[in-house]
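Chain by chain, the residues:
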Amino acid sequence: MKKLVGFVGWRGMVGSVLLKRMLEENDFEKFIPVFFSTSQVGKKNPKFKKKILPGFLKDAYNLEELMELDIIITCQGSDYTQKIYPILRSSGWLGYWIDAASDLRMNKDSVIVLDPINGKNIKQSIENGLKTFIGSNCTVSLMMLALGGLFRNNLIEWISFSTYQAASGGGSGYIMDLLQQVYCLNKYLYKNLDLSTSILKIEKDITKIMNKNNFPVKNSLVPLILNLIPWIDSRMNNGQSREEWKMEKETNKILKKKNKDIIKIDGNCVRIGALRCHSQSFLIKLKKNININDIERIISNDNKWVSIVPNEKSESLKKLTPLSITGTLKIPIGRIRKSSLGQKYLSAFSIGDQLLWGAAEPLRRVLKFLL
């Protein structure tokens, strides 16, 4: 008998990408989907492949209907998880909960899922009766896929990172801010961008426009276009942002490392004006000196999505940019070289689609495990 799988938050960015991937892989043939909504209850189910699924959207807060499900996949966000998950569990619901939000990641009875890295642990957790499976932070997933071979072979002592995270990581509101900022500047440039205008005057005028109180920064708080935001998420007690804190904590939970075996990971997370895809720069201290050819072989042999980009300018410009991998499952890693700090210090740069491997794909794949 096919399982009942409920979808909540499927209209948002991550949810939409998740459904698109599931349609591409014909996943919906393996279970009975039930669609829920927090704002459009009673409207018709979504249209798949030009066909509207029979039935109507159910109430995402209706506990009786949720209790009937075998599996719930939610991309609705933290507020929904905080409100519904504990009530469902305390009411005796024994189904599987799959979540894109971060709230449950560090719980003892939850598993952070990234199966190319911790597939064995996921299977063992299912056999042991665990019911809660959470997608990791986007930068964590992308980093671990890029450096999977080094993690798997226990070659990393510590990592210092800098991230360059796209607007999509902040949700649709950040993208709307960015696009409105583009439109706002375009109105000025349409009238003033010609060869007779001083470039310094244009720069001065644009800076003045961006510093006005009416410049569209509803979600981003400060301009993202022609700018960057050196802070993502809330502040932790040690001065890190929560985004930076997640890198070490979630990585070590995925790897099941504790106490003295923990890999130290720290750095700065920065929002940039790319629409989609997160990039990361790494300085890695290895546990032993390994030549570059062996490092590249270890990395490239770990999973089928990672690929080595030669440390050349032309290759880097062609294959290590957000535009080059948007909408794909590719995880290119390049700029691989030994640091001038010493032979055990490795420098590298990777990139991945924040909405695919960084969010939706691990959820889709753990559903297949459960089915």
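Residues numbered from 1 in each chain as written. Predicted model: local features only at pLDDT ≥ 70, side-chain atom pairs only at ≥ 80, totals over all residues. Heavy atoms only, no water.

K.L.:
Even after reading the chapter, I still don't get the side chain of D353, so can you show me in this structure?
P.N.:
Structurally, the position occupied by D353 is in the loop between β15 (345-352) and α13 (356-370). Within the structure, D353 has its side chain in polar contact with the side chain of R276 (distance 2.9 Å). Sequence-distant contacts of D353, that is, excluding residues within four places in its chain, are made with L142, R276, C277, I325, T326, G327, T328 and G358. (Helix = DSSP H or I, 4+ residues; strand = E, 2+ residues; numbered from the N terminus. Polar contact = N/O pair within 3.5 Å; in protein donor to acceptor, adjacent residues only side chain to side chain. Contact = heavy atoms within 4.5 Å.)

K.L.:
Whenever I open this one, the environment of K246 confuses me. Can you help?
P.N.:
Here K246 shows up in helix α9 (residues 242-254). For K246, a relative accessible area of 7% gives the class buried. Sequence separation of K246 and L53 is 193 residues, and the distance between their C-alpha atoms is 38 Å. Those residues within four positions of K246 in sequence are excluded, and the remaining contacts are S102, R105, N137, V140, D233 and T251. Within the structure, the side chain of K246 is placed 3.3 Å from the side chain of D233, a separation counted as a polar contact. (Buried < 20%, exposed > 50% of the residue type's maximum accessible area, 1.4 Å probe, protein only.)

K.L.:
Explain the pairing of strand β1 (residues 4-8) here, please?
P.N.:
Every regular strand shows the same layout, with side chains that alternate between the two sheet faces. Most of β1 is tucked away, with 4 of its 5 residues classed as buried. The pairing of β1 with strand β2 (residues 32-37) spans 4 bridges and is classified as parallel. Across the sheet, residue V5 finds its bridge partner in β2, namely P33. As a crossover connection, the stretch from β1 through helix α1 (residues 13-24) into β2 is right-handed. One ladder, built from 4 bridges, connects β1 with strand β6 (residues 71-74); its direction is parallel. Directly across from V5, in β6, lies its bridge partner I71. (Pairing = 2+ DSSP bridges. Right-handed = clockwise from strand over helix to strand, strands pointing away.)

K.L.:
Just checking my understanding: could you explain helix α10 (residues 292-300) for this structure?
P.N.:
Every α-helical turn comprises 3.6 residues, leaving residues that sit three or four positions apart pointing alike. Within α10, the full set of buried residues consists of I295, I298 and I299. Mapping the buried residues of α10 onto a view down its axis gives an arc of 95°, with all of them on the same face. Turning to α10, the residues buried within the fold contact α5 (138-146), α6 (148-152), β12 (278-286), β13 (306-308), β14 (331-338) and β15. You can read the cap of α10 off the contacts: a side-chain oxygen lies 3.1 Å from the backbone nitrogen of N293, and it is on N291. (Arc of directions from axis to C-beta.)

K.L.:
Is there a simple way to explain a nonpolar patch on the surface in this structure?
P.N.:
A grouping of M176, L179 and L275 is seen on the molecular surface, where their side chains present a nonpolar patch of about 270 Å² in accessible area. Relative to the helices and strands, L275 resides in the loop between β11 (264-271) and β12. A relative accessible area of 45% places L275 in the partly exposed class. (Patch = residues over 30% accessible without salt bridge, like charges linked within 9 Å, V, L, I, M, F, W, Y side chains within 5 Å. Areas by Shrake-Rupley, 256 points an atom, 1.4 Å probe, with all protein chains shown as cover. Salt bridge = Lys/Arg side-chain N within 4 Å of Asp/Glu carboxyl O.)

K.L.:
How should helix α4 (residues 115-127) be read in this particular structure?
P.N.:
The end-to-end C-alpha separation of α4 is 15 Å, well short of the 18 Å expected for 13 residues at 1.5 Å each. A bend of about 35° at N121 is the largest found in α4. Among all positions of α4, only D115, P116, I117, N118, G119, N121, I122 and S125 are buried. Where the residues of α4 are buried, they touch β8 (110-113), β9 (132-135), α5, α6, α9 and α13. (Expected span 1.5 Å × (residues − 1). Bend = angle between axes of the 7 residues up to and from the residue.)

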